[in-house]
Amino acid sequence: MRWDGLTSRKAALDRLAERAKGARIGEWIVVFGGWSYDQFTDSQTPFTRSELDAIAPNNPVALQYIYVNGVLNSRAVSELNVGDAGFKAPGTMVERDAQGAPTGVLTGGGVSSFFRIKIPMGGADQQVESVRTHLRDLNAMGLTTSVDWGGYGFSEDWYEPFRVLHRKNALTMRVYHGTWFNTSTAADVDKAVAEIRTLKAFQGDDWMDRIGFGETVLLPLHDNPSSHGAKISPEHLALWRRMVEVVAARRLHLSVHANQRESLDAFLTQIEEINRVYPIRGLRWSFAHVRQLGAGDMERMRKLGMAALVHSQATISGQILQRIHGDAAMDQPPVRTVQDSGIAWGLGSDSNGAAPSNPFFTLWWAVTGKMLGGKQALRQTITREQALIAHTRNNAYFVFREGDIGTLQKGKYADLLVLDRDYLTVAQDQIKDIAPVMTMVGGKIVYEKQ
């Protein structure tokens, strides 16, 4: 179930109650990201274990939000053994009341991964149908292509439902992805380096393909946007470099997760040194998220031929980041500075766990600077034309498909939308409300409003 775009707490609970009524006894009900309390305009009171129990007494309920938080009802607490005194999960903390009982609230960078790994996803057939349904939902929002870089706890097996649909010629979106390794230690890096040396990209087709390597190269260097500064140890940076050096030697595309000032500077320094031995220009390497990217960083990136992937997590987390970073959060990411810098860049959402998927939410945020619910979350806005180009034409560059997709012109694939209003002329605040009446991928209609 999704709460993307809902601006009422009551409406969210009503949707949960409706889902619970139609669910089988014992069936899991899960909201995997795409929302935050700050988007609600009627009340931002956190959901409680008892509140979820009252709505869905016969079903385990799990709500994940802002990637690093979760709320469980009592059945979910029991089924996931969260109440056990010895409960442990990487990067996941259990909130407890005065008596030591779990409140149902989980926090920490591992929450979303814990949910993905531990919550039952059904058998192979059910997973295929879930993917089919999800892709159709994305088509209805106006998406024709996705790029996925994995996540903590991720494995290649998770792409199998997509491969099943691909073999049946049943994909309704183009699905491009990278390779992700869960590396933390020197032994992990040894194994990863051996695998990178055999890794091949671009062995698929224009519907599904591996495009490179990324995103969090080494887990201890993964920087959370809500933290104050990143901790970069020389030992971890040396392990990070070992992997990236092999990626460069193999002439593979690389995308690197980097939010904080310290991470960006440290990674750039390593890449500059690697570039002297293995030139990376033409490989379209990028930094993703880039919340604290500075003008000096952009100049260094320009010289290397690197690019920036800017994401709209602030559509739901803008207020949280302002509470943490103060006024500086209003320029994170520095969208207009990136636009004016001359470096290649793309605009996306970082959905599903960290942000909503809807591309018109992202476009609206880049143009107005607002988050869902109407609060200002970004000072550095751009024009609607610049935002549209960044979300379409520019992004085709990062999947090495600019000759096939990204613009409407003769000779390219017919990936297109028919919209219910004109993006270029509607009032800015209506951009978020634009919806397709038809979505076409490769000349085939994959969504049509009834």
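Computed from a predicted structure; not experimentally measured.

**Observations regarding the environment of Asp 206**
Move 1: Mapping Asp 206 onto the fold places it in the loop between helix H7 (186-196) and strand E8 (208-215).
Move 2: Separated by 119 residues in the primary sequence, Asp 206 and Phe 87 place their C-alpha atoms 44 Å from one another.
Move 3: When neighbours within four sequence positions are excluded, Asp 206 is seen to be in contact with Arg 174, Tyr 176, Arg 401 and Tyr 413.

**Thoughts on the packing of H7 against helix H8 (residues 234-249)**
Move 1: At a minimum axis distance of 10 Å, the contact between H7 and H8 shows a crossing angle of 0 degrees. It follows that H7 is roughly parallel to H8 by the angle criterion. Where H7 abuts H8, its residues Ala 186, Val 189, Asp 190, Ala 192, Val 193 and Ile 196 lie against Leu 239, Arg 242, Met 243, Val 246 and Val 247.
Move 2: Among the residues making up the contact of H7 with H8, the classes are represented as 9 nonpolar, no polar and 2 charged.

**What about the sheet that holds strand E13 (residues 416-419)?**
Move 1: In spatial order, the strands read E13-E14-E15; together these 3 strands make up an open sheet with antiparallel pairing. If you trace the sheet from one side to the other, it starts and ends with E13 and strand E15 (444-448), each paired once. Here the strands of the sheet are splayed against their neighbours by 20 degrees on average, with no regard to which way each runs.
Move 2: Note that E13 and strand E14 (residues 436-441) share 4 bridges and pair antiparallel. Looking across to E14, one finds that Leu 417 is bridged to Thr 439.

**Considering the nonpolar core**
Move 1: Core analysis: the biggest nonpolar cluster contains 86 residues, and Trp 285 and Phe 287 have the highest contact counts within it.
Move 2: Counting residues per element, this core draws most heavily on H8, at 8 residues.
Move 3: Within the second largest apolar cluster, 18 residues are counted, among which are Val 131, Phe 154, Val 175 and Leu 219.

**Let's talk about the side chain of Asn 59**
Move 1: For Asn 59, the location among the structural elements is in the loop between helix H2 (49-55) and strand E2 (61-65).
Move 2: For Asn 59, a relative accessible area of 3% puts it in the buried group.
Move 3: A distance of 2.8 Å separates a polar side-chain atom of Asn 59 from the backbone oxygen of Glu 27.
Move 4: If sequence neighbours within four positions are ignored, Asn 59 has contacts with Ala 20, Ala 23, Arg 24, Ile 25, Gly 26, Glu 27, Ile 29, Asn 73 and Arg 75.

**A look at the pattern of salt bridges**
Move 1: If you walk through the whole model with that rule in mind, you get 27 salt bridges.
Move 2: Among the ionic contacts, a cluster of salt bridges with common partners joins Glu 156, Glu 160, Arg 163, Arg 167 and Arg 210.

**Here we look at H8**
Move 1: The end-to-end C-alpha separation of H8 is 22 Å, in line with the 22 Å expected for 16 residues at 1.5 Å each.
Move 2: Residues of H8 that are buried: Leu 237, Leu 239, Trp 240, Met 243, Val 244, Val 246, Val 247 and Ala 248.
Move 3: Looking at the buried side of H8, the elements it contacts are H7, E8, strand E9 (254-258) and helix H9 (261-277).
Move 4: Arg 251 sits one or two positions beyond H8 and adopts a positive phi of about 60 degrees.

**Description of the sheet that holds strand E3 (residues 69-72)**
Move 1: Ordered by their spatial adjacency, 5 strands build an open sheet running E1-E2-E3-E5-E4, and the pairing between neighbours is mixed. Two strands in the sheet have a free side with no partner beyond their single neighbour: strand E1 (29-32) and strand E4 (93-96). The sheet shows a mean angle of 20 degrees between the axes of neighbouring strands, taken without regard to direction.
Move 2: One ladder, built from 3 bridges, connects E3 with strand E5 (residues 102-107); its direction is antiparallel. Within the sheet, the bridge partner assigned to Val 71 lies in E5 and is Val 105.

**Considering the packing of aromatic side chains**
Move 1: All told, the structure shown has 18 aromatic pairs when counted by the stated rule.
Move 2: Taking 5.2 Å as the distance between ring centres and 90 degrees as the angle between the ring planes, the aromatic pair formed by Trp 35 and Tyr 37 counts as edge-to-face. The pair formed by Trp 35 and Tyr 37 is uniform in burial state, with each residue classed as buried.
Move 3: Taking NZ or CZ as reference, Arg 174 lies 4.7 Å from the ring centre of Trp 207, over its face.
Move 4: It is Arg 284 that lies over the ring of Tyr 397; its NZ or CZ is 4.2 Å from the centre.

**Examining the packing of helix H13 (residues 359-368) against helix H14 (residues 384-391)**
Move 1: One way to put it is that H13 packs onto H14 with a least axis distance of 9 Å and a crossing angle of 140 degrees. Put simply, H13 runs oblique to H14. The interaxial crossing formed by H13 with H14 has right-handed handedness. Residues Pro 359, Thr 362, Leu 363, Ala 366 and Val 367 of H13 pack against Arg 384, Ala 387, Leu 388 and His 391 of H14.
Move 2: Considered class by class, the residues forming the contact of H13 with H14 number 6 nonpolar, 2 polar and 1 charged.

What counts, and at which threshold
Residues numbered from 1 in each chain as written. Predicted model: local features only at pLDDT ≥ 70, side-chain atom pairs only at ≥ 80, totals over all residues. Heavy atoms only, no water. Helix = DSSP H or I, 4+ residues; strand = E, 2+ residues; numbered from the N terminus. Contact = heavy atoms within 4.5 Å. Axes fitted to C-alpha atoms, helices over the stretch in contact; angles between N-to-C directions. Parallel < 35°, antiparallel > 145°, perpendicular 65-115°, else oblique. Nonpolar A, V, L, I, M, F, W, Y, C, P; charged D, E, K, R; others polar. Pairing = 2+ DSSP bridges. Core = buried A, V, L, I, M, F, W, Y, C linked by side-chain atoms within 4.5 Å. Buried < 20%, exposed > 50% of the residue type's maximum accessible area, 1.4 Å probe, protein only. Polar contact = N/O pair within 3.5 Å; in protein donor to acceptor, adjacent residues only side chain to side chain. Salt bridge = Lys/Arg side-chain N within 4 Å of Asp/Glu carboxyl O. Expected span 1.5 Å × (residues − 1). Phe/Tyr/Trp six-rings, centres within 6.5 Å; stacked < 30°, edge-to-face > 60°. Lys NZ or Arg CZ within 6 Å of the ring centre and 35° of its normal. Left-handed = near helix turned anticlockwise from the far one by under 90°.

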